[in-house]
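A look at the structure
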Amino acid sequence: MIEFLTDLQPISFPDEWYDANSEEHFWFEWRARIAGLLVRRIGLPVDRALRVLDIGCGTGITSRQFRRTTRWSCDGADLNMDALSRCDVGGGRILYYDILEKRQEFRDRYDVAILFDVIEHIEATQPFLEAALFHLKPGGVLLVNVPALMTLYGVYDTMAGHFRRYTRRTLAGEFASQNATVLDQTYWGFSMVPLLWLRKLVLRRQTDEARAIRTGFKPPSALAHSVLKGAMAFECAVLKRPPVGSSVMAAIRKNA
């Protein structure tokens, strides 16, 4: 059941992106693998019942993935009613909640907060990041994932509502004035970079939002999906720290 903590707001986001989502999609699997590796590297305990807030939770895929590999208890917050109506975070609360409100009941409440593929959609990032950290306990960890490399920015990004893509340096720079410390960062999706160049080229004149999202995110066939999963498995086995990638993930600690 959705808990409405914020007045309903008009949100413009392509529902086709949620239609193309699934836990079996190679990109979601890949992102979950990288997150698991990052969590282990920074020593975040997976065998304790940490309290987690998945900000921009969408349909709850990220929370469910973490629930399968940890003992964490995940709440999800979003402002997209279409996504929340399909959301399952694995037993936690589902919140229609604008974190910029910084409700006192959530101050210093969570051990972990997740911002996976969210802040590229936020024009004014600093108040938003400050609000995300407000919800963390001192010493708590914010896990962030964003699309990488502005040279890959194209029509797909515009249609998906992205204001920017990042490098490790620019992502770390987002937290330079925050009460936080960057613990670790990594690129991932090295083998996806040429495909995203191709996507940028193919979609350069596309004006139909739904078609751009479907073409840009959904593999064209089961065979193509299998090939992409193979690329994921190979890269995860061989490239522990890619020099560049289609995404960048970071772990940020809220200072005491």
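Residues numbered from 1 in each chain as written. Predicted model: local features only at pLDDT ≥ 70, side-chain atom pairs only at ≥ 80, totals over all residues. Heavy atoms only, no water.

Moving on, we come to the packing of helix H2 (residues 26-41) against helix H10 (residues 222-238). It is the contact of H2 with H10, at a shortest axis distance of 9 Å, that shows an interaxial angle of 15°. Our classification of the angle between H2 and H10 gives roughly parallel. Relative to H10, the crossing made by H2 is right-handed. Contacts from Phe26, Glu29, Trp30, Arg33 and Ile34 in H2 reach His225, Leu228, Lys229, Ala231, Met232, Ala233, Glu235 and Cys236 in H10. Its residues assigned to classes, the contact of H2 with H10 shows 8 nonpolar, 1 polar and 4 charged. (Axes fitted to C-alpha atoms, helices over the stretch in contact; angles between N-to-C directions. Helix = DSSP H or I, 4+ residues; strand = E, 2+ residues; numbered from the N terminus. Parallel < 35°, antiparallel > 145°, perpendicular 65-115°, else oblique. Left-handed = near helix turned anticlockwise from the far one by under 90°. Contact = heavy atoms within 4.5 Å. Nonpolar A, V, L, I, M, F, W, Y, C, P; charged D, E, K, R; others polar.)

What follows covers helix H3 (residues 61-69). Within the sequence span of H3, burial applies to Ile61, Thr62, Ser63, Arg64, Gln65 and Phe66. Summarising the contacts, the buried residues of H3 are in contact with H2, strand S2 (51-55), strand S3 (73-78), strand S5 (110-116) and strand S6 (136-147). (Buried < 20%, exposed > 50% of the residue type's maximum accessible area, 1.4 Å probe, protein only.)

Below, the discussion takes up the layout of surface pockets. Its boundaries defined by the atoms lining it, the second largest pocket holds a volume of some 330 Å³. In terms of lining, the second largest pocket is formed by 17 residues, of which the most central are Ala32, Arg33, Gln65, Phe66 and Thr69. Those elements that place two or more of their residues in the lining of the second largest pocket are H2 and H3. Residue composition of the lining of the second largest pocket, grouped by class: 6 nonpolar, 5 polar and 6 charged. (1 Å grid on protein atoms, 1.4 Å probe; cavity = no way out; pocket = protein on both sides within 12 Å on 5 of 7 lines; lining within 4 Å. Points joined across faces, edges and corners; volume = space filled by probe spheres on them.)

Considering all chains together, one arrives at 11 aromatic pairs under this definition. The interplanar angle of 75° and the centroid separation of 5.8 Å between the aromatic rings of Trp27 and Phe217 together place this pair among those described as edge-to-face. Pair noted here: Trp27 is in helix H2 and Phe217 is in helix H9 (residues 209-217), with a separation of 190 residues, a long-range link. Overall, Phe217 belongs to the buried group, its relative accessible area being 9%. With a centroid separation of 5.1 Å and 25° between ring planes, the pair formed by Phe66 and Trp72 is classed as stacked. Note on Phe66: relative accessible area 7%, which makes it buried. (Phe/Tyr/Trp six-rings, centres within 6.5 Å; stacked < 30°, edge-to-face > 60°.)

This part takes up the sheet that holds strand S4 (residues 94-96). The strand order S1-S4-S3-S2-S5-S6-S8-S7 describes an open sheet built from 8 strands, whose pairing is mixed. Of all the strands in the sheet, the pair left with one neighbour each is strand S1 (2-4) and strand S7 (180-188). Going across the sheet, the axis of each strand differs from the next one's by a mean of 20°, ignoring polarity. In this sheet, S6 lies alongside S5 in parallel orientation, the contact comprising 6 bridges. Its bridge partner lying in S6, Ile114 is registered against Leu143. Its contacts with the sheet put H3 on S2, S3, S5 and S6, and the angle it makes with S5 is roughly 130°. (Pairing = 2+ DSSP bridges.)

With 75 residues, the main nonpolar core has Trp72, Leu115, Ile119, Leu142, Leu143, Val144 and Leu171 as its most contacted residues. When residues of this core are assigned to their parent elements, the largest contribution, 8 residues, is made by H2. What Ile119 contacts, discounting residues up to four positions off in sequence, is Thr125, Phe128, Leu129, Val144, Val146, Arg164, Tyr166 and Leu171. Among the nonpolar cores identified, the runner-up in size contains 7 residues, and Cys57, Leu79, Leu84 and Cys87 belong to it. (Core = buried A, V, L, I, M, F, W, Y, C linked by side-chain atoms within 4.5 Å.)

Geometric values such as these leave the question of function open.
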